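Reading the structure
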Amino acid sequence: MKRAFVTGITGQDGAYLAKLLLEKGYEVHGGIRRISHPIDERLRKLRIERDIIFHEFDLAEVNSINRVIKAQRFDEVYNLAAQSFVGSSWDLPIYAGDVNGLGPARILDALRSFSPDTRFYQASTSEMYGLVQAVPQNETTRFYPRSPYGVAKVYGHYITVNYRESFGMHASSGILFNHESPLRGTEFVTRKITLGLARLARSGGDPVVLGNLDARRDWGFAGDYVEGMWLMLQQPQADDYVLATGVTTSIRDFITFAGAELGMQIEWSGEGVTERGIDRASGRTLIKVSEKFYRPAEVDLLVGDPAKAARTLSWTSTVGVRELAEMMVRSDYDEQI
Ligand code: NDP
Ligand code: GDP
């Protein structure tokens with residue numbers, strides 16, 4: 001039986017990856033932080049919370065990393081833990097650097113010392129492309145991060161490449177474009193939209209207030225992306241791969257797709273902070289814009305080229321953005337019964 005350690009197991013990707021690994025017959029270990037509210041909500045939703053062996057773990061605390069790596073000798077380690085919300089990273093720039101940049105370095109160095117044959121996955125991100133230098137973005141596109149989150153993740157990416165090249169470790173970096181699901185954190189724009197529209201459809205209330213509706217993202221389904229992470233660690237050689245759908249969509253269009261699933265036909269009027277999304281049938285305002293949700297520096301356009309992953313890993317994204325929006329808003333609507 002293979003043994004895997006997943007950091008960030010309480011997050012969206014951690015939950016889906018743990019489920020996948022359990023289905024493949026792995027013994028799954030997870031790193032958790034002791035916090036003041038229930039930590040296993042997502043794992044309970046997937047009905048796997050009892051199947052995981054938990055270890056107290058924090059990427060900012062090198063002793064917790066060394067202890068678990070030294071004691072367990074895992075076959076595979078997936079580093080999914082991060083200060084993961086771009087918007088907060090301007091308020092927590094040092095913490096983002098510590099956890100997202102130095103965190104993977106701490107794990108890699110623990111593996112180098114105590115378990116050099118363990119295969120390692122680093123959760124890198126399309127946010128590293130930031131102010132994009134080519135369209136679409138692939139593994140050779142130059143990085144130009146636009147947030148403390150993105151800057152820290154560039155360090156995490158290159159330290160992974162460096163430990164592979166310096167010490168021959170099987171360390172891979174997955175450059176994943178945005179991926180969503182009904183388990184997505186509620187502060188991310190897709191889930192904020194689907195929760196907000198589901199609430200409006202069920203019980204009315206105030207409009208959903210958002211920031212820049214013109215930004216474009218390449219959104220896929222998280223369930224597909226965790227399969228890609230696992231495939232990377234099954235290759236004879238470690239490498240770096242982009243996982244993406246190859247399709248880019250504006251925030252505005254994502255709202256339109258989600259609204260349509262609830263029978264809302266959303267029409268747009270105004271510009272910038274005066275823009276409104278209005279339900280055609282009732283005339284009710286569903287979406288408003290506020291500068292409060294604008295970012296100090298924006299990533300305007302992301303669209304990935306997943307050709308290398310398709311060629312080498314036989315990986316493809318199976319859920320289109322419209323289907324994804326429908327899945328998420330339906331789940332949020334049903335959960336509000
Ligand atoms: P989530 O925000 O859902 O989960 C983040 C996880 O990291 C949680 O389990 C959280 O634990 C944990 N964590 C945060 N800080 C620490 C810390 N200091 N020490 C240990 N654990 C910590 O993120 P996702 O599942 O969406 O993303 C997974 C990874 O993939 C992240 O690294 C993210 O940056 C990256 N990524 C995500 C993309 C996406 O679109 N989802 C795109 C590209 C990359 P707790 O529950 O205790 O807060
Ligand atoms: P990110 O790509 O990791 O930053 O994922 P997010 O879902 O947080 O943001 C995606 C895009 O949506 C960014 O360009 C944001 O500026 C934009 N956006 C617009 N309004 C909002 C909002 O209210 N919340 C969030 N999180 N993002 C918003």
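This one's a predicted model, so the numbers in the text were calculated from it and none came from an experiment. (Residues numbered from 1 in each chain as written. Chains lettered and ligands numbered in written order. Predicted model: local features only at pLDDT ≥ 70, side-chain atom pairs only at ≥ 80, totals over all residues. Heavy atoms only, no water.)

**Overview of the site of ligand 1**
Around ligand 1 sit 27 residues, and of these Thr-10, Asp-13, Arg-33, Ser-84 and Tyr-149 come closest. The contact in question runs from an oxygen atom of ligand 1 to an N or O atom on the backbone of Gln-12, over 2.9 Å. In the model, a nitrogen atom of ligand 1 is placed 2.8 Å from a nitrogen or oxygen of the Asp-58 side chain. For ligand 1, whose accessible area on its own is 900 Å², the fraction buried by protein is 90%. Counting residues per element, the ones that place at least two in the shell around ligand 1 are α1 (12–23), α4 (93–114), β5 (119–125) and α5 (148–167). Looking at the shell around ligand 1, the element that brings in the most residues is β5, giving 3 residues. Class assignment of the residues belonging to the shell around ligand 1 gives a composition of 12 nonpolar, 9 polar and 6 charged. (Near = heavy atom within 4 Å. Polar contact = N/O pair within 3.5 Å; in protein donor to acceptor, adjacent residues only side chain to side chain. Areas by Shrake-Rupley, 256 points an atom, 1.4 Å probe, with all protein chains shown as cover. Helix = DSSP H or I, 4+ residues; strand = E, 2+ residues; numbered from the N terminus. Nonpolar A, V, L, I, M, F, W, Y, C, P; charged D, E, K, R; others polar.)

**Section: the pattern of salt bridges**
One pass over the full model with this rule turns up 20 salt bridges. The salt bridge involving Glu-27 is made with Arg-3; its shortest N-O contact spans 3.1 Å. In this pair, Glu-27 is assigned in strand β2 (residues 27–32) and Arg-3 in strand β1 (residues 3–7), connecting sequence segments 24 residues apart. Among the residues examined, Glu-27 registers a relative accessible area of 23% and is labelled partly exposed. The closest approach of N and O atoms between Arg-44 and Asp-40, which form a salt bridge, is 3.0 Å. Its relative accessible area of 40% is what places Arg-44 among the partly exposed residues. Connected through shared salt-bridge partners, Glu-41, Lys-45 and Glu-335 make up one network. (Salt bridge = Lys/Arg side-chain N within 4 Å of Asp/Glu carboxyl O. Buried < 20%, exposed > 50% of the residue type's maximum accessible area, 1.4 Å probe, protein only.)

**As for the sheet that holds strand β8 (residues 208–210)**
Pairing between the strands of a sheet comes from backbone hydrogen bonds, and it takes one of two forms, parallel or antiparallel. Strand order in the open sheet formed by 4 strands is β8-β15-β14-β13, with mixed pairing between adjacent strands. Of all the strands in the sheet, just β8 and β13 (266–269) have a single pairing partner and so form its edges. Averaged over neighbouring strand pairs, the angle between their axes works out to 20° when direction is ignored. Contacts from helix α6 (residues 189–203) reach β8 and β15 (285–289) within the one sheet, and its direction differs from that of β8 by about 160°. Here helix α8 (residues 251–261) sits on the sheet and contacts β8, β13 and β15; the angle it forms with β13, its principal contact strand, is near 150°. (Pairing = 2+ DSSP bridges. Axes fitted to C-alpha atoms, helices over the stretch in contact; angles between N-to-C directions. Contact = heavy atoms within 4.5 Å.)

**Examining the site of ligand 2**
As a matter of local geometry, ligand 2 sits amid 18 residues, with Lys-192, Gly-211, Arg-217, Arg-295 and Glu-298 nearest to it. Take Lys-192: an N or O atom from its side chain is 2.7 Å from an oxygen atom of ligand 2. Note that an oxygen atom of ligand 2 is positioned 2.5 Å from one of the side-chain N or O atoms of Arg-295. Taking 530 Å² as the accessible area of ligand 2 by itself, protein coverage stands at 97%. Residue composition of the shell around ligand 2, grouped by class: 9 nonpolar, 3 polar and 6 charged. A domain split of the shell around ligand 2 shows at least three residues from each of domain 1 (3–181 + 220–246 + 301–319) and domain 2 (189–215 + 250–300 + 325–335). (Domains from an automatic or database assignment.)

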